[in-house]
Amino acid sequence: LKMSWFWFYLPLHLFMAPCLCHSIKAPTTSSQQSYKTDLFNFYHSLILADGKETTIHLLKDIPKRYYFVVEEGRALAPFTITVTPCDVPIEWSILVHMASASFLGKDARGDHDIQEVSKSQRAPSMVSTIFNYKGNSVETYVGMPSHAALYMLEFLSTERDTHITVYLTTDTSSANLYPELPMDPRIDVIGIGHTTVTLTWKHSPSVLQHRENIQYCLLVNEKHNYKSLCAAETAIRSSGMKLPPTLALSLSPYLLEPQQVMILSNSELSIINKASSGEVRQICMGTKNTYTVPNLSPSIQYYFDVFVVNLLTNASAAYTGTFARTLEEPAPKVTELKDGKVIQVVLDGKKQKFYHLQYQARHKKIQLTFQLCHGQVQVHITKNGKTVALEDISGLRYFLLKGKLLDTYLVQLRSTEDSNSSVKVQVSPHFHKPLFPLLPESLKIKSFSKLRTCNSVTIAWLGTQEESKYCVYKKRLEEDQVWMDLQGADRCSGPESRRKSEKVLCKYFYDINLQRAVTTETINGLDAGTLYLFDVYLFGPSGIPIRYHSKIVKTRKKC
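Reading the values: the criteria
- Residues numbered from 1 in each chain as written.
- Predicted model: local features only at pLDDT ≥ 70, side-chain atom pairs only at ≥ 80, totals over all residues.
- Heavy atoms only, no water.
- Helix = DSSP H or I, 4+ residues; strand = E, 2+ residues; numbered from the N terminus.
- Contact = heavy atoms within 4.5 Å.
- Buried < 20%, exposed > 50% of the residue type's maximum accessible area, 1.4 Å probe, protein only.
- Pairing = 2+ DSSP bridges.
- Salt bridge = Lys/Arg side-chain N within 4 Å of Asp/Glu carboxyl O.
- Patch = residues over 30% accessible without salt bridge, like charges linked within 9 Å, V, L, I, M, F, W, Y side chains within 5 Å.
- Areas by Shrake-Rupley, 256 points an atom, 1.4 Å probe, with all protein chains shown as cover.
- Core = buried A, V, L, I, M, F, W, Y, C linked by side-chain atoms within 4.5 Å.
- Axes fitted to C-alpha atoms, helices over the stretch in contact; angles between N-to-C directions.
- pLDDT = per-residue confidence, 0-100.
- Phe/Tyr/Trp six-rings, centres within 6.5 Å; stacked < 30°, edge-to-face > 60°.
- Lys NZ or Arg CZ within 6 Å of the ring centre and 35° of its normal.
- Disulfide = S-S within 2.5 Å.

Colleague: What is the right way to look at the environment of S316 in this model?
Modeller: Topologically, S316 is positioned in strand 18 (residues 316-318). Setting aside residues no more than four positions away along its own chain, S316 makes contact with Y178, P179, L229, F307, V308 and V309.

In structure tokens, the structure reads:
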């Protein structure tokens, strides 16, 4: 507003207002009391700044008042007031003082002026309410004063402490603080997938006029739509995250809290706020008005809000929010497990998809056996929908499970590496002899450095209490082959995958005393200063082999 010298004296004029009207008939006792109350409210109000967004903090059930003056020279010129609730619904009103012309120092000259003041004082109250609103939407009032007037804004929160922003301007010819919304501010959903939703909206006129200073920001959450960016930021803070003001607008990674993740790709900024109540994403995509939201979960309802933001002022305007439910994930393909049958599963590490196996128990006790062939695999076992085991497996792993007849077991397998993994699976009744052999305490092969020569090495491995067959294989390696051979080894493959020339020997042994169930073997006929890969295969009664961990040994160069 155009501030003149009378601002300093305004409260005094208000306080002395009854004396200014001494030539007019005094109001009745009841109207006089109301009149004094109105004057008290105006006297205890704060000045509302013109052309600037003001943040106002409200305490529950305690009204807060601000006033502004339209001077004689500004009469018939419109003014606008925009109020943005940042949390709960509030009540707000605009009141105008009916005799404000006199209070502003206007001489009560002439019958016409005296008659107007007389009418004002004969009214039950000196203050008239010209607008009131209750809710949490962004609301704008446009006024057209016919004469100089004194206005008061009253704000009240009845739910809890909160804050709001208020923007007053009497200069409607200048650029608006807030970006403009199109005539149709709705967001349209034009595509829905299992993990994506595609949105489009009409361009803001502000984007077409000031493209370099305007951008769109999208908010995604699972709870509800927000009427303003201010309300969204307040909700994020209340969920346990310290979200800096205008986080989505600042584009600064240094403002991020530990609970926030920033992703910048293809000129788009995504800020993911993680909290126990769910995930809130803020995505700013420049001036594009079509966007596909990625990485959503299937069969979840999401709420989408688009805000057009003025980067110079940080002021924003909200499109009408929308919501959409992602498609249900197609039912996974389930493979039935049969008693005693071994199946090998190859898992795609890049897609990170689960492989599902199902088994309906025909016995109260069952044994599930997993042999890791390649990579890293996570096993998740449920019985009638309840988890009974969840772990990453290595080597050979048995699960002994107890339940009832016809219990349904579901096994979910997935690769925990980016590359493919594979695993063998077998289910059998607990009291049957398993297809896999009885294993020793360790599947490691040990070599003896002191027994190493230029053309021989001595290795040892553990056995079991069960008589079994053990076969030893060797393979000559080049220095640059070591890593590739170890990484590419299929731990489920048997001797059938080896060359005949690599076979060294096969032998049977066991010992009732596990402390003595150890065997050694010296392999001769090797080349000096050469790397060799040694493997031992254990065969059980069923003939299915178990491969010990490969051992690499280098013969001595000189002897």
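Colleague: How should I be thinking about the pairing of strand 23 (residues 365-374) in this particular structure?
Modeller: In summary, the side chains of a regular strand alternate between the two faces of the sheet. Among the 10 residues of strand 23, eight are classified as buried, and the element is accordingly described as predominantly covered. Here strand 23 runs beside strand 26 (residues 396-402); their pairing, made up of seven bridges, is antiparallel. Residue pairing across strands places Q371 opposite L396, the latter belonging to strand 26. The sheet contact formed by strand 23 and strand 28 (residues 421-429) spans eight bridges and is antiparallel. Each bridged residue has a counterpart across the sheet, and for L372 the counterpart in strand 28 is V423.

Colleague: In this structure, what is going on with the pattern of salt bridges? I would like to understand it.
Modeller: Pairing between side chains of opposite charge can happen when the charged atoms of each approach one another. Tallied over the full model, the rule gives 12 salt bridges. Between D184 and R186 there is a salt bridge; the shortest N-O distance is 2.9 Å. A relative accessible area of 52% places R186 in the exposed class. Salt-bridge contacts for R397 lead to E391; the nearest nitrogen and oxygen are separated by 2.8 Å. Here the salt bridges share partners, and the residues they tie into one network are R498, E502, D535 and R547.

Colleague: In this structure, what is going on with a nonpolar patch on the surface? I would like to understand it.
Modeller: A cluster of nonpolar residues, V189, I192 and L327, forms a patch on the protein surface that exposes about 210 Å² of accessible area. Summarising the element assignment, L327 is placed in the loop between strand 19 (322-325) and strand 20 (334-336).

Colleague: Just to check I follow, could you spell out the nonpolar core for this structure?
Modeller: The nonpolar side chains of a soluble globular protein tend to be buried with one another. In terms of nonpolar packing, the biggest core is built from 24 residues, with L368, F370, I381 and L413 touching the most fellow members. Where this core is concerned, the elements lending two or more residues are strand 21 (342-347), strand 22 (355-360), strand 23, strand 24 (377-383), strand 25 (386-393), strand 26, strand 27 (408-415) and strand 28. For L368, the contacting residues outside a window of four places in its chain are L337, I381, R397, Y398, F399, L401, V411, Q426 and V427. Listed in part, the 23 residues of the second largest apolar core include L48, V83, I94 and L168.

Colleague: What am I meant to see in the sheet that holds strand 9 (residues 162-169) here?
Modeller: Hydrogen bonds along the backbone pair up the strands of a sheet, which may run parallel or antiparallel. With antiparallel pairing, four strands are arranged side by side in an open sheet as 2-9-4-7. With one partner strand each, in any of the chains shown, strand 2 (52-58) and strand 7 (139-143) form the two edges of the open sheet. For this sheet the average axis-to-axis angle between neighbouring strands, irrespective of direction, equals 20°. Of the pairings in the sheet, the one linking strand 4 (residues 79-85) to strand 7 comprises five bridges and is antiparallel in character. Paired with T80 across the strands is V142, a residue of strand 7.

Colleague: Could you clarify how one ought to interpret the confidence of the model for the protein chain in this entry?
Modeller: The predicted coordinates of low-pLDDT regions are not to be read in fine detail. Of all residues in the protein chain, 75% have pLDDT values of 70 or greater, and the mean over the chain is 78. The low-confidence segment residues 100-125, where pLDDT is below 50, has 42 contacts with residues more than four positions distant or belonging to other chains. Across residues 242-267, where pLDDT falls below 50, the model places 62 contacts with residues more than four positions away in sequence or in other chains.

Colleague: Can you walk me through the packing of aromatic side chains in this structure?
Modeller: Tallied over the entire structure, the rule returns 16 aromatic pairs. Aromatic side chains Y473 and Y537 sit 5.5 Å apart centroid to centroid with 90° between the ring planes, which places their arrangement in the edge-to-face category. Taken as a pair, Y473 in strand 31 (residues 468-477) and Y537 in strand 34 (residues 531-539) lie far apart in primary sequence, 64 residues in all. Of the two residues examined, Y473 and Y537, each falls in the buried class. Joined through ring pairs, the aromatic side chains of F68, F79, W92, F131, Y141, Y151 and F155 make up one cluster. Across the ring face of F399, the terminal group of R397 is positioned such that the distance to the ring centre comes to 4.3 Å. Lying across the ring of F539, K469 places its NZ or CZ 5.5 Å from the centre.

Colleague: Got a minute to help me understand the state of the cysteines in this structure?
Modeller: Taken as a whole, this structure holds five disulfides when the rule is applied. The disulfide partner of C454 is C559, and the gap between their sulfur atoms is 1.8 Å. Classification of the bridge connecting C454 and C559 rests on its S-S torsion, roughly 120°, and on that basis the disulfide is right-handed. Here C454, found in the loop between strand 29 (446-447) and strand 30 (457-462), pairs with C559, found in the segment after strand 36 (551-554); they are 105 residues apart in sequence, far enough to count as distant.

Colleague: Mind showing me how you'd approach the sheet that holds strand 16 (residues 290-293) here?
Modeller: Taking strand neighbours across the sheet as the criterion, the three strands line up as 10-11-16 in an open arrangement whose pairing is antiparallel. Of all strands in the sheet, those with a lone pairing partner are strand 10 (187-192) and strand 16, marking the two edges. Here the average twist between neighbouring strands, direction ignored, is 25°. Sheet topology places strand 10 next to strand 11 (residues 197-201); five bridges connect them, and they run antiparallel. Its bridge partner being in strand 11, D188 is matched across the sheet by T200.

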